[in-house]
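Per-entry structural report
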Amino acid sequence: MPIELEDLKAAVGDFERDVDDGDVDPVELRQLIDRLEAKFSRVVRRATERGDHLLRGHCSAVSWLMNTCTMSQSSASDRLCVGKHLESMPKVAQALSFGEIGYQSASVICHLRDRLGQQRDELDEEQWIRYAREHSIKNMNALSDHMRYVLDPDGFDRDTEQNYEERFLDVSEMNGMYHLTGVIDPEGGAVLKSAVDALAKKLDQDDGRTSKQRRADASTEIVYHAVEAGTLPRRNGVRPHITVTTTLEGLKGEVGAAASELQGGKPISSKTVQRLACDGTLCRVLKADSVVVDVGRATRSVSPAQWRGLKARHRSCSGPGCDRPVNWTSPHHIEFWSHGGESNLRNMLPLCYYHHRLVHEGGWQVVRAGEGVKFIPPDRVIARRARGPGMRRAA
Ligand SMILES: [Zn+2]
Ligand SMILES: [Zn+2]
């Protein structure tokens, strides 16, 4: 008697309930799931050939599958494509059912057959089963792209242009952070990756950031660099910049001061305000009962001449062991500018984004030691505070 879906349900139920997770071989379980995925793909293919999706009011098989089986668009189209092409590739179907190749490898082969169009008979099943045994899915995809290019260069160009239309970048605020999602064309992605990678190396042996965090910081640095170069086009008459609204108390980081705000009213910490004030353009606004009564002249905390002088003295960031070129740094005031520190060469150091953040938000201290400076990590700062300030603290 043939096994029915009900029997399979009962067997899966028993397996879930009675078999200890620790006793299951994950490789064998994966093979079984992969075989069922292949079966599922053939089942939905057969259903759409019968026109089940039309009977249920869906104009496309993909939307029917998305809706009835709660699948994403890409998963639904994948299963339909695999179901369609496995029928014509008995050797691949058999290798999948014997557990010799996985579902994802079979899927790469099916998608390649789909993309090859008229040239699909050129696909050698045995050769691709061999590839699937020897290569990762990533390599299989690369091999598939190459074969597509060789056999159908015009189709490859058409695909490239179609893919290009899919590009997007979304930058949105969520839970107090910015989230980036996007798809970029191969050339744009490669140039972005090489620029980010160039700035995402560890900056010293104490650099405890993860590689993902270093890449996020590298993106911020690239954007700051572009903004500070002053070459970005103006929008509504002004070049791109960020605006922070604060009070004198907020600027000094006094306890009880109202929160400083980024444009749009987003509160930011007084430590960040102090870092931004190290190298910003400041404009005094006097208010009486919330009404602006006077606006002062905009002044830079470090003049272009002072910044040029500082850059002439240094080749790179002054952070310990840091080789970030001085053009990728901003001026930091050893005695904070917001605490009255002066913008003279003795009180200023060029710091890269990472090290500037460490000394403002990260709790590090910079102190003068003879002609040079010393960077003291937060744990030693706390120890020193417990003993009382022995040497002059950087503001
Ligand atoms: Zn600073
Ligand atoms: Zn640095």
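Every value quoted in this text rests on a predicted model; they were computed, and no experiment measured them.

Only Cys278 (SG), His332 (ND1), His356 (NE2) and His360 (NE2) from the protein coordinate the zinc ion (ligand 1), and they sit 2.0 to 2.3 Å from it. With four donor atoms in place around the zinc ion (ligand 1) and angles of 98 to 120 degrees between them, the coordination shape is tetrahedral. Read in sequence order, the donor residues for the zinc ion (ligand 1) give the motif C-x53-H-x23-H-x3-H. A residue pair is termed a helical-turn pair when its members lie 3 or 4 positions apart in one helix, as His356 and His360 do in helix 16 (residues 353-360) at four residues. Pair check on accessibility: His356 and His360 agree, each one buried.

So, on to the pattern of salt bridges. Summed over the entire model, instances satisfying the criterion amount to 23 salt bridges. We note a salt bridge from Arg17 to Asp18, for which the minimum N-O separation is 3.5 Å. Arg17 sits in the exposed class, given a relative accessible area of 60%. Arg209 is paired through a salt bridge with Asp217; the nearest N and O atoms lie 2.8 Å apart. Three or more residues joined by partner-sharing salt bridges are found here, namely Arg115, Asp145, Arg148, Asp152 and Asp159.

This paragraph deals with the coordination of the zinc ion (ligand 2). Looking at the zinc ion (ligand 2), one finds its protein donor set to be Cys317 (SG), Cys322 (SG), Cys352 (SG) and His355 (ND1), positioned 2.1 to 2.3 Å from the metal centre. In this structure, the zinc ion (ligand 2) is coordinated by four donor atoms arranged in tetrahedral fashion, with angles at the metal of 102 to 118 degrees. Between consecutive donors of the zinc ion (ligand 2), the numbers of intervening residues give the motif C-x4-C-x29-C-x2-H. Residue Cys317 is found in the loop between helix 15 (304-313) and strand 10 (330-333), and its partner His355 is found in helix 16; the two are separated by 38 residues along the sequence. Here Cys317 falls in the buried class, since its relative accessible area comes to 4%.

Moving on to the packing of helix 7 (residues 103-116) against helix 9 (residues 137-151). Direction vectors running N to C along helix 7 and helix 9 enclose 15 degrees, while the axes themselves pass 10 Å from each other. Between helix 7 and helix 9, the crossing angle belongs to the class labelled roughly parallel. Handedness of the helix 7/helix 9 crossing: right-handed. Contacts between helix 7 and helix 9 involve Gln104, Ser105, Val108, Ile109, Leu112, Arg115 and Leu116 from the first element and Ile137, Met140, Asn141, Ser144, Asp145, Met147, Arg148 and Leu151 from the second. Residue composition of the contact of helix 7 with helix 9, by class: eight nonpolar, four polar and three charged.

Thresholds applied
Residues numbered from 1 in each chain as written. Chains lettered and ligands numbered in written order. Predicted model: local features only at pLDDT ≥ 70, side-chain atom pairs only at ≥ 80, totals over all residues. Heavy atoms only, no water. Donors = N, O, S within 2.8 Å, 3.2 Å for Na, K, Ca; no water. Tetrahedral: all angles 85-135°; square planar, octahedral: opposite > 155°, others 65-115°. Helix = DSSP H or I, 4+ residues; strand = E, 2+ residues; numbered from the N terminus. Buried < 20%, exposed > 50% of the residue type's maximum accessible area, 1.4 Å probe, protein only. Salt bridge = Lys/Arg side-chain N within 4 Å of Asp/Glu carboxyl O. Axes fitted to C-alpha atoms, helices over the stretch in contact; angles between N-to-C directions. Parallel < 35°, antiparallel > 145°, perpendicular 65-115°, else oblique. Left-handed = near helix turned anticlockwise from the far one by under 90°. Contact = heavy atoms within 4.5 Å. Nonpolar A, V, L, I, M, F, W, Y, C, P; charged D, E, K, R; others polar.

So yeah, pure geometry; function would need other evidence.
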